[in-house]
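Coordinates in review
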Amino acid sequence: MFWWIVAPFVQTAPHAAPEAAVDVKFQRREEMTADGLWCTWEAESLTYGDQVIWGEAMPTDEPWCARPPFESSRRVDVLGRDGPFVSVRLTEWNCCPDKEVVTRCVTYDVRTGQPATIEAYDPRWAKWR
C-alpha cells in the first residue's frame, strides 16, 4: 500500500569498486594421442588480481590425457557486479562417454574468494532478508 514511499529507502547503496581487477581468463589445451584420439581441456576462470576465485589451472603433467578421448570445459558468465561482489553463472561439463553439465549461480565476495553472505553484502538489511 505505501511501498512506493519506503521503496527508495530500502535499496542497498552501491559498494566501492574492488582494489584489483576482476576478470575472466580463458585457457585451452588440445592434443592428439598416439592412437589418433583428441583430448581437449578448456576453461575460463574468475580472477581477482592474481587470485583465482573459481576455476582451475591448465593441466601440465604428462601424460595429461590419461583416458582418451577426453573433454573438459568450464565457463564463467558474469551476470553483475557491485563493488567487490560479482554474480556469475558457472557451467562445468565433462565428456566421453557420458556428458554431464552442471550449472549454478553464485555471488562471490572477491576480497575473500568465497560466496558472499548477506551480512557482508548489506548488514543493515540482513536480518530481514
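Residues numbered from 1 in each chain as written. Predicted model: local features only at pLDDT ≥ 70, side-chain atom pairs only at ≥ 80, totals over all residues. Heavy atoms only, no water.

**Focus: the pairing of strand β6 (residues 100-109)**
Of the pairings in the sheet, the one linking β6 to strand β7 (residues 114-115) comprises two bridges and is antiparallel in character. Bridge pairing links Y108 to P115 in β7. (Pairing = 2+ DSSP bridges. Helix = DSSP H or I, 4+ residues; strand = E, 2+ residues; numbered from the N terminus.)

**Quick word on the pairing of strand β1 (residues 22-32)**
As paired strands, β1 and strand β2 (residues 38-48) are joined by 11 bridges and run antiparallel to one another. By the bridge assignment for β2, F26 is matched with E44. Where β1 folds back onto β2 in an antiparallel hairpin, the turn is made up of five residues, including G36, whose phi is positive at roughly 85°.

**A short note on the confidence of the model for the protein chain**
When the pLDDT values of the protein chain are averaged, the result is 77; 78% of them are 70 or greater. The low-confidence segment residues 1-9 (pLDDT under 50) makes one contact with residues lying over four places distant or belonging to another chain. (pLDDT = per-residue confidence, 0-100. Contact = heavy atoms within 4.5 Å.)

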